[in-house]
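Report on the structure
Read off the chains here:
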Amino acid sequence: MKILLVCAGGISTSILEKSIRDSFGPDRNDWNVEAHSVDKLSELINDFDVVLLGPQIRHKLRAVKKIADENGKPCDVIDSRDYALANGEKVLSKAVQLVGA
């Protein structure tokens, strides 16, 4: 599975990106997670299975969901508490649930 994290600039989400990667474990070594600016969504979306938005750009969910739906990708907003605590396990669980993996 490939997870795309989008936020305002792609920088603040890098801590969460590492935490998610650490949560993959040995049986998921072919999985990937990347954090990018929401402005790059259209050019990157086809390389990923799921899109998760940082809570600071929750207001862009409708626009992101439109792009995700057009490309057959599930998307949702990361829980603000999980984001603040960089809880990679919970965010990974949400991505798995959205994809149905």
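Residues numbered from 1 in each chain as written. Predicted model: local features only at pLDDT ≥ 70, side-chain atom pairs only at ≥ 80, totals over all residues. Heavy atoms only, no water.

Section: the packing of helix α1 (residues 14-23) against helix α5 (residues 88-99)
- One way to put it is that α1 packs onto α5 with a least axis distance of 8 Å and a crossing angle of 75°. Put simply, α1 runs roughly perpendicular to α5. Between α1 and α5, the contacting residues are L16, S19, I20 and S23 on the first element and G88, E89, V91 and L92 on the second.
- A per-class count over the contact of α1 with α5 returns four nonpolar, three polar and one charged. (Axes fitted to C-alpha atoms, helices over the stretch in contact; angles between N-to-C directions. Helix = DSSP H or I, 4+ residues; strand = E, 2+ residues; numbered from the N terminus. Parallel < 35°, antiparallel > 145°, perpendicular 65-115°, else oblique. Contact = heavy atoms within 4.5 Å. Nonpolar A, V, L, I, M, F, W, Y, C, P; charged D, E, K, R; others polar.)

As for the environment of I45
- Relative to the helices and strands, I45 resides in the loop between α2 (41-44) and β3 (50-53).
- A sequence separation of 36 residues divides I45 from G9, and the C-alpha atoms of the two residues are 16 Å apart.
- Setting aside anything within four residues of it in sequence, one finds I45 in contact with V51, I67, A68, N71 and K73.

Digging into α1
- Of the positions making up α1, those classed as buried are L16, E17, S19 and I20. Taken end-on, α1 shows its buried residues confined to a sector of 165°, consistent with a single buried face. Structural note: α1 exposes I15 and D22 on the side pointing more than 90 degrees away from its buried face.
- Buried residues in α1 make contact with β1 (2-7), β2 (32-37), α4 (80-84) and α5.
- Where α1 terminates, the next one or two residues include G25, which has phi positive at roughly 75°. (Buried < 20%, exposed > 50% of the residue type's maximum accessible area, 1.4 Å probe, protein only. Arc of directions from axis to C-beta.)

So, the pattern of salt bridges
- All told, the structure shown has five salt bridges when counted by the stated rule.
- K18 serves as the salt-bridge partner of D22, at 2.9 Å between the closest nitrogen and oxygen. Placement of both D22 and K18 in helix α1 is noted, with a separation of four residues, approximately one turn of the helix.
- Overall, D22 belongs to the exposed group, its relative accessible area being 54%.
- The salt bridge partner of K94 is D76, with a shortest N-O separation of 3.2 Å. Here K94, found in helix α5, pairs with D76, found in strand β4 (residues 75-77); they are 18 residues apart in sequence, far enough to count as distant.
- Under the relative-accessibility criterion, K94 is labelled partly exposed at 24%. (Salt bridge = Lys/Arg side-chain N within 4 Å of Asp/Glu carboxyl O.)

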